[in-house]
Amino acid sequence: MEYDGLSRPIFKDGVFSNPWKTWKMAGTTDLIRWKFFYSDRTNLPSDNKILDQNLPVHQISDEEIKKFCEDDASKKFKVIWIGHSTSLINFNNIIILMDPIFSERASPIKIAGPKRFRPVPITIDRIPRVDAVVISHNHYDHLDYDSIIALYKKFGENKKDPINWFVGRGTKKWFENSGVKNNVHEFTWWESKKFKDLEFIFTPAQHWSSRGLTDRNKALWGGWIIQSNSSKIYFAGDTGYCDTFKEIGKKYGPIDYSFIPIGAYEPRWMMAPQHVDPEEAVKIHMDVRSNKTFAIHWGTFALASEYYMEPKQKLSELMEKFAEDKNNFITLEHGVINEF
């Protein structure tokens, strides 16, 4: 391959790794230090009334979701934040789900692991149409077995126009083992595929992957550029901050709409390589030259140690710090249908 100056994953002995000096994998000592010696500032209220006030969830009606999926979106962009990194979008009249997790827990078992503290605004069985699903990586809060199977049974199994799945290299095997054997497309960074009237491009991110004890980094992680003839959206997935976002901005910017994570970032000495904080999220917003960015990866599961509302609070302050218009990087309410 001719060198084009773009970041590529390191792949050796069946294992992927990040190519940037900013990467460091957290070890067992870090986990022990975090779990037993670091102060948890999450401070989740036990009173649901407080949560309803701070993080309201709009329960989507059948009429609303039907209109969302069926109304012409050729000249507008429609988005619903389901929660965490899951968003449902209508882009160029194609319905796309990002990292769908509709389950109560982000965990391999149903009785333990991070529990959702904000309910889903709609269940999969009430969504009338999904054309494509993009997966950033295989961690349980981004690749949820029950959600994938529910989507496959409704939109993929024996359907005339079945759902298509877009995943990183190595994740297709998981889909096949789960019984989803058709229309699963896997990519390494910068590879692309056209689907209907859109092009899906897998982009780099600084992260890692694992579903169990023996498969660490055997599947590639990343983000997605999805572009039509006239517009582009960017889904960053999970990531630490690194040089690749300037590459993405140079190659594909400006971006019309972006989805960038802002939560699960404390303590920094452990989380920084894998999860950006709000300041780094704003830097990504600027690096990729995003016109409008939606905050994700916060407000749904308590996965780290920062105060549960801090990501939103800091985001507004940091947009001012960087002399950016606050309206260009916003948080959405769970379940509200937004049109731009």
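Residues numbered from 1 in each chain as written. Predicted model: local features only at pLDDT ≥ 70, side-chain atom pairs only at ≥ 80, totals over all residues. Heavy atoms only, no water.

### Brief notes about the sheet that holds strand 7 (residues 164–168)
So, point 1. On the basis of which strands lie adjacent, the open sheet formed by seven strands has the order 8-7-6-5-4-3-16 and mixed pairing. Since the sheet does not close on itself, it has two edges, and those belong to strand 8 (184–187) and strand 16 (337–339), each with one partner. Strand-to-strand, the axes of this sheet are offset by a mean angle of 20 degrees, without reference to chain direction.
So, point 2. Note that strand 4 (residues 86–91) and strand 5 (residues 94–98) share five bridges and pair antiparallel. Among the inter-strand pairings, Ser87 is bridged to a residue of strand 5, identified as Met98. (Pairing = 2+ DSSP bridges. Helix = DSSP H or I, 4+ residues; strand = E, 2+ residues; numbered from the N terminus. Axes fitted to C-alpha atoms, helices over the stretch in contact; angles between N-to-C directions.)

### What to know about a nonpolar patch on the surface
So, point 1. Side chains of Ile32, Phe36 and Phe37 sit close together on the surface and give an oily, nonpolar patch of about 400 Å² of accessible area.
So, point 2. Its location among the elements puts Phe37 in helix 1 (residues 28–37).
So, point 3. Here Phe37 falls in the exposed class, since its relative accessible area comes to 68%. (Patch = residues over 30% accessible without salt bridge, like charges linked within 9 Å, V, L, I, M, F, W, Y side chains within 5 Å. Areas by Shrake-Rupley, 256 points an atom, 1.4 Å probe, with all protein chains shown as cover. Salt bridge = Lys/Arg side-chain N within 4 Å of Asp/Glu carboxyl O. Buried < 20%, exposed > 50% of the residue type's maximum accessible area, 1.4 Å probe, protein only.)

### What about unusual backbone geometry?
So, point 1. Cis geometry is found at the peptide bond from Gly253 to Pro254, where omega equals -5 degrees.
So, point 2. With respect to the helices, strands and loops of the structure, Pro254 is situated in the loop between helix 6 (244–252) and strand 13 (255–261).
So, point 3. A cis amide bond links Glu266 with the next residue in sequence, Pro267, at an omega value of 0 degrees.
So, point 4. Inspection of the secondary structure puts Pro267 in the loop between strand 13 and helix 7 (268–271).

### A look at the pattern of salt bridges
So, point 1. A full pass over the atoms with the stated rule returns 18 salt bridges.
So, point 2. Note that Arg268 and Asp277 form a salt bridge whose closest N and O atoms lie 3.5 Å from each other.
So, point 3. The structure contains a network of salt bridges with shared partners spanning Arg41, Glu310 and Lys314.

### What about the pairing of strand 13?
So, point 1. Summarising burial for strand 13: six of the seven residues are buried, a large majority.
So, point 2. Here three bridges tie strand 12 (residues 232–235) to strand 13, and the two strands are oriented parallel to one another. Across the sheet, residue Ile233 finds its bridge partner in strand 13, namely Tyr257.
So, point 3. The handedness of the strand 12 to strand 13 crossover, carried by helix 6, is right-handed.
So, point 4. Taken together, the six bridges between strand 13 and strand 14 (residues 290–296) define a ladder with parallel strand orientation. Considered in strand 14, the bridge of Ser258 is made with Thr293. (Right-handed = clockwise from strand over helix to strand, strands pointing away.)

### Section: the packing of aromatic side chains
So, point 1. Scanning the model with the defined rule gives 26 aromatic pairs in all.
So, point 2. Between the aromatic rings of Phe77 and Phe294, the centroid separation amounts to 6.4 Å while the plane-to-plane angle is 15 degrees, which identifies the pairing as stacked. Highlighted residues: Phe77 in the loop between helix 3 (62–70) and strand 3 (78–83) and Phe294 in strand 14, separated in sequence by 217 residues.
So, point 3. Among the residues examined, Phe294 registers a relative accessible area of 1% and is labelled buried.
So, point 4. On the basis of an interplanar angle of 80 degrees and a centroid distance of 6.2 Å, the ring pair of Phe166 and Trp224 is categorised as edge-to-face. Of this pair, Phe166 sits in strand 7 while Trp224 sits in strand 11 (residues 223–227); the two residues are 58 residues apart in sequence, bridging distant segments of the chain.
So, point 5. Overall, Trp224 belongs to the buried group, its relative accessible area being 0%. (Phe/Tyr/Trp six-rings, centres within 6.5 Å; stacked < 30°, edge-to-face > 60°.)

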